[in-house]
2 protein chains.
Amino acid sequence: MFGRMLVVDLSKGTTREEAIEPAVVSSYLGGKGLGIYLLDKMSEKGADPLSEGNPLLFLTGPFTGTPFPTSGRFTIVTKSPHTGIFVDSHIGGHFGHTLRKAGYDVIAVTGKAPEPVYLWIDDGSVEIRDAKSFWGKTVDETVDAVRAETDSKAHVAVIGPAGENKVTIANITVDKDSDPWRAGIAGRGGSGAVMGSKNLKAVAVRGTGPVPMKDEKALRARSTELAKAITANPQIHTRRVVGTSSLVEAMSRTGILPTNNFQRGYFTPIYGLTSTNLRFHTKRDVACFNCPIVCGKVLQDDGHDTKVEYESIALLGSNNGIGSIIDVTRAVRICNELGMDSISAGGIVGFAMECKERGLLPDAPSFGDSDGQAALLKDMAFKKGLGELLSDGVRRAAAKIGQGTEDFAIAVKGLELPGYEPRATWGMALAYATSDRGACHQRAWTVLGELDGILPRFKTEGMALKVKMTQDERAAAYSLVVCDFTPYDQDAVYPSLADAAGIDMDPDSYLSVGERIWNHIRLFNIREGGISRKDDTLPHRMFNEPLPMPPRGEDTVTLTKEAFDAMLDEYYEMRKWDKNGIPSPEILKKLGLSD
Amino acid sequence: MFGRMLVVDLSKGTTREEAIEPAVVSSYLGGKGLGIYLLDKMSEKGADPLSEGNPLLFLTGPFTGTPFPTSGRFTIVTKSPHTGIFVDSHIGGHFGHTLRKAGYDVIAVTGKAPEPVYLWIDDGSVEIRDAKSFWGKTVDETVDAVRAETDSKAHVAVIGPAGENKVTIANITVDKDSDPWRAGIAGRGGSGAVMGSKNLKAVAVRGTGPVPMKDEKALRARSTELAKAITANPQIHTRRVVGTSSLVEAMSRTGILPTNNFQRGYFTPIYGLTSTNLRFHTKRDVACFNCPIVCGKVLQDDGHDTKVEYESIALLGSNNGIGSIIDVTRAVRICNELGMDSISAGGIVGFAMECKERGLLPDAPSFGDSDGQAALLKDMAFKKGLGELLSDGVRRAAAKIGQGTEDFAIAVKGLELPGYEPRATWGMALAYATSDRGACHQRAWTVLGELDGILPRFKTEGMALKVKMTQDERAAAYSLVVCDFTPYDQDAVYPSLADAAGIDMDPDSYLSVGERIWNHIRLFNIREGGISRKDDTLPHRMFNEPLPMPPRGEDTVTLTKEAFDAMLDEYYEMRKWDKNGIPSPEILKKLGLSD
């Protein structure tokens, strides 16, 4: 049902098929879970992430391409060149289900091609093709060039110049924003640099076969009901109308919207960045495969279609003092064309702007300088000028610059923070600090829980449990693979998993899969990155500067190290990890990870 | 240029034309200003608002029907049967400019018809026609019936059953929500009951002539530039997309959204009431005459088109514990069909719900009971059952019920509060207390100023000045007449006024007009309503209960009587009113009001 792997050895120029054992699928599902399993198994211990010893994995899950709602996503897993630890990145659009229709559930790319190549997967036939003439092309140009040589409707995962240049925030992009359907991006952690290090410019796929399912009819009937329930939800209506940008004004009103490199959590006036202003400028709505939500909002800058999301508005907008959605669209378009993560890119520009504000880096742009941001983004992709110093992230840049800049290098484990100020949302403080890939909002997202009164605000109570449970649940969900925007009925997952892939699971075993994945990644990160309690923390600013709150910064909020440590201690205890963040033998035994 | 008045004496069944003197127009402009001038001049002192001695005035302004942006509005002025003092109510849509095209700038309706009539104004010819067969019809039915007898595209101001029954929150409605253009409502203060007391069911107008202007070409050129600037503003983009509902989530996040009869200022979860959920359900967008904003959002309930606004969402939604935009749409539809002010109606239902919660009024609906709200609204329009007790407002209802209900009767000078919690926005506390028509959000609206850090929050400093200046400026703007949603360039008003109506004005004289109007209304209210400092206050709850703040009500805010009194003292001083709120001889002399 699920487990058909294509192994591509770029060093040898060979491809072969391999079946994942059913027991592995039962223990890890697909996506993120199967990703850590295979990464651990296939990678050389201690390998440089940009070397041949680091595999690059494209993974679908047992739900990918099935009628289960939001089954259009897939997962990239590798060791991150940006953080030196595990990274998984989940991509919407139409590549995942097409890969399964072409006969493969997973692609494992190993080794390194001597010269630029691309992969062409056409309904079960696989070719490694010459890509020398594509080298240097932007994302959109590459998609077009590959389609011209394969199929005009092929779905194509590509890297842009940033990936070629092994910029450690380079992403992998599927298709282009000007396609009639929704493009997708594996943004975080620099998987694009790994792809670039392998001289792999693109992976194109055409798939017309069936997706194997145990009981398609039953799955289809249940999925129809699920889709109805999803589209009846008012929060989904909002996603339909404005996508993720719905958060912008709420975050700013409540002190959570990063502003001027996380110096405060509100932007005034906010009206140039709100969701309803974004909607005004939206040219069209785009959806992933089999998605009833249609959250993608495409704006235009300079005639180029560009999908704009909350995270980009936060990091390339307010965080850098920029209050125009059109200026944000421009910055996103540059990131997209050159192939860079807009969250990390925005965080890096914000760091440079604060350096400038403090009299360091006189050539950096100032807060609010949209043209300066645009120029710096381009330089980062090509490692030119200041871009050379900055493009590998704020942690490395601060280490080079010194002069106290480490204190405002806003990253956890080297990964720049997403768009939620942790001093204003304490659940996110713990979630960022303990996330498996560095500061991440998608492992446990407590923000609306705190704003809606479901969780306490500015308190530590209950946060550890919520974060731990959500991390486990999300780790399983990202292994199915489904979208995090879906308020799907958890109880519908188990019978659907049986129908989709013949996997029997109940709430306990499902959460166990998530917990197994989470612990397996922790072990990998300890081994490869030396991760321990010292790394499960927040940037210096968060414990040492009070956060000015809206509307005027006259009131402040302080997150003390003591309060944070209390949450972390409780979290370790719930995880059955020791005081240093190392999993105990009992929990590893319970999860079958003792080896 | 401006000042052509039609006087209709319904007692005698006669009509005549009269010219307003140019000196009066220079001192009062049109709309609100001319309204107080004429009301004072034409009404019998101390007359019952529902008697023949109270005139009902329909007033356009010198900008109405001109190319000046948002010139589609007009004004109703009368003595309110709900509050016993002055009321002006401003209506969008297409009646105002059509009236001017028909040859009239003002209609003054006096006396009382012995039997139901309607007025048909057809390009300068005027008829008082029999309306007996229309009596009892809903708003939409009446519009249709009048059009069938006049012109299928006539713009028709009507009352519904509530107005016929002299319910003191009855409104006057222009056209119907199912028209292709935007309908309009004079909601506040019960002008519909005054119309009902005169046995006047409708006023229909057809106008095809030119609107007189001094220099149409110059005004048109400047107006085109103004409209461009308006539509370039991001806040206008938001209005275009979601109308006034843009405020809902921001108000709830900041503790300002009335909830459960102003017991707190946030509603959770808010997602069923947000602007983006409203947009999801919006069937079409409608605009007033000559409006580049297009803020009207038409939803549907039971197949009926219904325009839904922020105030209705606040008062018929969150304030009554109702969290579904479709339930709000239903309640608005009932108010619209029967012809009642949705703000006061919502406030009254909320009062009844709190009575129920406290064990009084066992037959009242509970918070959250949408069906119960719908039934009570119908009963109010027909003064049936509990509706009889409640339909004349919370002040009168509390006086009848006693048992401490006065403490949570949420009104100022008898007018129910609009959708902003005064404990959470102290500028509005002063604005409500000093508004000329009772609790009103449109005389001085400080809400976003406080949230955007332009004004202080939870402080008194600067509020008196801001409220006083805004009241004066708005009084002048409501006399032009233009819409309050337009961020128009103040400097463009003066030359436009010269071009439109040959009136020369500068910033000082313009504000003087506003101040004159404000003081003239104060004198009228003192004489007719015995208004003084004792009335310039807030409901008991506001000074005696701390306001629970979002997200969970664990933090509270308190507005003390002392802080409020400090603002009020400062306000009186700026107005040159004495400690009791009576205008001083100097200010009256300065404004030419000594007589």
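That block above? That's the structure.
Residues numbered from 1 in each chain as written. Chains lettered and ligands numbered in written order. Predicted model: local features only at pLDDT ≥ 70, side-chain atom pairs only at ≥ 80, totals over all residues. Heavy atoms only, no water.

**A few points about the overall build of chain A**
Part 1 of the argument: On a plain count of helices and strands, chain A comes out with 24 helices and 19 strands.
Part 2 of the argument: For chain A, whose C-alpha radius of gyration is 22 Å, the value lies close to the compact-globule estimate of 25 Å for 595 residues.
Part 3 of the argument: When the backbone C-alpha atoms are referred to their principal axes, chain A occupies close to 60 × 55 × 50 Å.
Part 4 of the argument: For chain A, contacts bridging at least 24 residues in sequence account for 70% of all contacts bridging at least 6.
Part 5 of the argument: Carbon and sulfur atoms provide 50% of the accessible area of chain A, an area that totals close to 18,300 Å².
Part 6 of the argument: Averaging the coordinates of the 69 positive side-chain charges in chain A and doing the same for the 77 negative ones gives two points 1 Å apart. (Helix = DSSP H or I, 4+ residues; strand = E, 2+ residues; numbered from the N terminus. Rg over C-alpha atoms; globule rule 2.2 N^0.38 Å. Contact = heavy atoms within 4.5 Å. Areas by Shrake-Rupley, 256 points an atom, 1.4 Å probe, with all protein chains shown as cover. Lys, Arg positive; Asp, Glu negative; His and termini not counted. Charge placed at Lys NZ, Arg CZ, Asp CG, Glu CD.)

**Comments concerning the sheet that holds strand β12 (residues 200–206) of chain B**
Residue and element names in this part refer to chain B.
Part 1 of the argument: Taken together, the six strands give an open sheet; going across it, the order is β8-β7-β12-β9-β10-β11, and neighbouring strands pair in mixed fashion. Looking along the sheet, the strands with just one partner apiece sit at the ends: β8 (125–130) and β11 (184–186). Adjacent strand axes in the sheet meet at a mean angle of 15° when their direction is disregarded.
Part 2 of the argument: Both strand β7 (residues 117–122) and β12 contribute to a ladder of six bridges, which runs parallel. Bridged to Trp-120 within β12 is Ala-204.
Part 3 of the argument: Contacting β7, β8, β9 (155–158), β10 (172–174) and β12, helix α4 (residues 139–149) crosses the sheet at an angle of about 135° to β9. (Pairing = 2+ DSSP bridges. Axes fitted to C-alpha atoms, helices over the stretch in contact; angles between N-to-C directions.)

**A few points about the nonpolar core**
Part 1 of the argument: Core analysis: the biggest nonpolar cluster contains 282 residues, and A:Met251 and B:Met251 have the highest contact counts within it.
Part 2 of the argument: In this view, A:Met251 contacts A:Ile256, A:Leu257, A:Gly265, A:Tyr310, A:Tyr420, A:Val447, A:Leu448 and A:Leu451; residues no more than four positions away in its chain are not counted. (Core = buried A, V, L, I, M, F, W, Y, C linked by side-chain atoms within 4.5 Å. Buried < 20%, exposed > 50% of the residue type's maximum accessible area, 1.4 Å probe, protein only.)

**Considerations on the interface of chain A and chain B**
Part 1 of the argument: Taken together, the contact between chain A and chain B spans 34 residues of the former and 34 residues of the latter.
Part 2 of the argument: Across the chain A to chain B interface the summed buried area is about 2,800 Å²; carbon plus sulfur atoms make up 60%.
Part 3 of the argument: For the pair chain A and chain B, the interface holds four salt bridges.
Part 4 of the argument: The salt bridge involving B:Asp452 is made with A:Arg253; its shortest N-O contact spans 2.9 Å.
Part 5 of the argument: In this assembly, chain A and chain B are joined by 14 residue pairs in polar contact (both at pLDDT 80 or more).
Part 6 of the argument: The element that contributes the greatest number of residues to the side of chain A that touches chain B is helix α8 (residues 234–242) of chain A, accounting for seven residues.
Part 7 of the argument: For the side of chain A that touches chain B, the per-class residue count stands at 12 nonpolar, 12 polar and 10 charged. (Buried area = accessible area lost by both parts, 1.4 Å probe. Salt bridge = Lys/Arg side-chain N within 4 Å of Asp/Glu carboxyl O. Polar contact = N/O pair within 3.5 Å; in protein donor to acceptor, adjacent residues only side chain to side chain. Nonpolar A, V, L, I, M, F, W, Y, C, P; charged D, E, K, R; others polar.)

**Quick notes on the relation of the copies chain A and chain B**
Part 1 of the argument: With an axial shift of 0.0 Å and an RMSD of 0.0 Å, the rotation relating chain A to chain B amounts to 180°. Given the turn and translation reported, the copies of this chain are related as if by a two-fold rotation axis. It is A:Ala250 whose C-alpha, among those of chain A, lies nearest the rotation axis, at 3.2 Å. (Least-squares fit on C-alpha atoms with pLDDT ≥ 70 in both.)

**A look at the state of the cysteines**
Residue and element names in this part refer to chain B.
Part 1 of the argument: Within this structure, the stated rule accounts for zero disulfides over all chains.
Part 2 of the argument: Cysteine Cys-295 remains unbridged, with the sulfur of Cys-483 as its closest cysteine sulfur at 6.3 Å.
Part 3 of the argument: Cys-335 forms no disulfide, and the closest cysteine sulfur to it belongs to Cys-440, at a distance of 18 Å. (Disulfide = S-S within 2.5 Å.)

**Notes on the packing of helix α21 (residues 507–529) of chain B against helix α23 (residues 561–575) of chain B**
All names here are of chain B.
Part 1 of the argument: Viewed as axis vectors pointing N to C, α21 and α23 meet at an angle of 115°, and their least axial separation amounts to 12 Å. If you check the angle between α21 and α23, you find them roughly perpendicular. Where α21 approaches α23, its residues Glu-515, Trp-518, Asn-519 and Arg-522 are matched on the opposing element by Tyr-571, Tyr-572 and Arg-575.
Part 2 of the argument: Per-class residue counts for the contact of α21 with α23 are three nonpolar, one polar and three charged. (Parallel < 35°, antiparallel > 145°, perpendicular 65-115°, else oblique.)

**A closer look at the sheet that holds strand β13 (residues 284–286) of chain B**
Residues and elements named next belong to chain B.
Part 1 of the argument: If you trace the three strands from one edge of the open sheet to the other, you get β13-β14-β15, paired in antiparallel fashion. Bordering the open sheet on either side are β13 and β15 (304–307), each of which pairs with just one other strand. Taking each pair of neighbouring strands and ignoring which way they run, the sheet shows an average axis angle of 40°.

**Brief notes about the pairing of strand β12 (residues 200–206) of chain A**
Residue and element names in this part refer to chain A.
Part 1 of the argument: Summarising burial for β12: six of the seven residues are buried, a large majority.
Part 2 of the argument: As defined by bridge partners, strand β9 (residues 155–158) adjoins β12 across four bridges and the pair is classed as antiparallel. Counterpart to His-155 in the pairing with β12 is Val-205.

**Things to note about the pattern of salt bridges**
Side-chain pairs of opposite charge can arise whenever the charged atoms involved come near each other.
All names here are of chain A.
Part 1 of the argument: For the structure shown, the criterion picks out 108 salt bridges over all chains.
Part 2 of the argument: Between Arg-129 and Glu-127 there is a salt bridge, with its nearest N and O atoms 3.1 Å apart.
Part 3 of the argument: The exposure class of Glu-127 is partly exposed, given its relative accessible area of 35%.
Part 4 of the argument: One salt bridge connects Arg-333 with Asp-301, and the closest N-O pair in it is separated by 2.5 Å. Residue Arg-333 is located in helix α12 (residues 325–338), and its partner Asp-301 is located in strand β14 (residues 296–301); the two are separated by 32 residues in the primary sequence. For the pair formed by Arg-333 and Asp-301, the shared burial category is buried.
Part 5 of the argument: Taken together, the shared-partner salt bridges connect Arg-533, Lys-561, Asp-565, Asp-569 and Lys-579 into one network.

**Structural notes on the packing of helix α13 (residues 342–357) of chain A against helix α14 (residues 370–382) of chain A**
All names here are of chain A.
Part 1 of the argument: Put simply, α13 and α14 touch, their axes get as near as 11 Å, and they point 115° apart. In this structure, α13 crosses over α14, and the sense of that crossing is right-handed. Packed against α13, whose contacting residues are Ala-345, Ile-348, Val-349, Ala-352 and Met-353, the element α14 presents Gln-373, Leu-376, Leu-377 and Met-380 at the interface.
Part 2 of the argument: For the contact of α13 with α14, a count of residues per class yields eight nonpolar, one polar and no charged. (Left-handed = near helix turned anticlockwise from the far one by under 90°.)

**Let's talk about the side chain of B:His97**
Residues and elements named next belong to chain B.
Part 1 of the argument: Here His-97 is to be found in helix α3 (residues 95–101).
Part 2 of the argument: Classification of His-97 as buried rests on a relative accessible area of 7%.
Part 3 of the argument: Polar side-chain contacts of His-97 include one of 3.4 Å to the side chain of His-94.
Part 4 of the argument: Other than its neighbours up to four places away in sequence, His-97 contacts Thr-64, Gly-65, Val-211 and Phe-289.

**Some points on helix α14 (residues 370–381) of chain B**
All names here are of chain B.
Part 1 of the argument: Spanning 12 residues, α14 covers 17 Å between terminal C-alpha atoms, matching the ideal 16 Å at 1.5 Å per step.
Part 2 of the argument: Listed in full, the buried residues belonging to α14 are Ser-370, Gly-372, Gln-373, Ala-374, Leu-376, Leu-377, Met-380 and Ala-381.
Part 3 of the argument: Where α14 is buried, its residues meet α5 (161–164), α11 (310–316), α12 (325–338), α13 (342–357) and α15 (386–390).
Part 4 of the argument: Measuring from the side-chain oxygen of the N-cap residue of α14 to the backbone nitrogen of Asp-371 gives 3.3 Å; that N-cap residue is Asp-369. (Expected span 1.5 Å × (residues − 1).)

**Digging into α23(B)**
Residues and elements named next belong to chain B.
Part 1 of the argument: With 15 residues, α23 should reach 21 Å at 1.5 Å per residue; the first-to-last C-alpha distance of 21 Å fits that figure.
Part 2 of the argument: Turning to α23, its buried residues are Ala-563, Phe-564, Met-567, Leu-568, Tyr-571, Tyr-572 and Arg-575.
Part 3 of the argument: In this fold, the buried residues of α23 make contact with α17 (426–434), α19 (463–477), α21, α22 (540–544) and α24 (585–590).
Part 4 of the argument: One or two steps after α23, the chain reaches Lys-576, where phi turns positive at roughly 60°.

**Quick notes on the packing of aromatic side chains**
Ring pairs (aromatic) are described by centroid distance and by the angle formed between their planes.
Part 1 of the argument: A full pass over the atoms with the stated rule returns 30 aromatic pairs over all chains.
Part 2 of the argument: When the centroid spacing of 6.2 Å and the interplanar angle of 35° are considered together, the rings of A:Phe58 and A:Phe95 count as tilted. Taken together, the positions of A:Phe58 in strand β3 (residues 56–59) and A:Phe95 in helix α3 (residues 95–101) put the pair 37 residues apart, joining distant regions of the chain.
Part 3 of the argument: Here B:Tyr118 and B:Phe134 contribute two aromatic rings whose centre-to-centre distance is 5.5 Å and whose plane-to-plane angle is 40°, an arrangement assigned as tilted. Remark: B:Phe134 occurs in the loop between β8 and α4 and B:Tyr118 occurs in strand β7; sequence separation between them is 16 residues.
Part 4 of the argument: Residue B:Phe134 is classed as buried on the basis of its relative accessible area, which comes to 3%. (Phe/Tyr/Trp six-rings, centres within 6.5 Å; stacked < 30°, edge-to-face > 60°.)

**Notes on the environment of A:Thr558**
Residue and element names in this part refer to chain A.
Part 1 of the argument: Residue placement: Thr-558 occurs in the loop between β19 (556–557) and α23 (561–575).
Part 2 of the argument: Each C-alpha atom of the pair Thr-558 and Arg-527 lies 34 Å from the other, and the pair is 31 residues apart in sequence.
Part 3 of the argument: If we skip the residues at most four places from it in the chain, Thr-558 touches Trp-426 and Pro-546.

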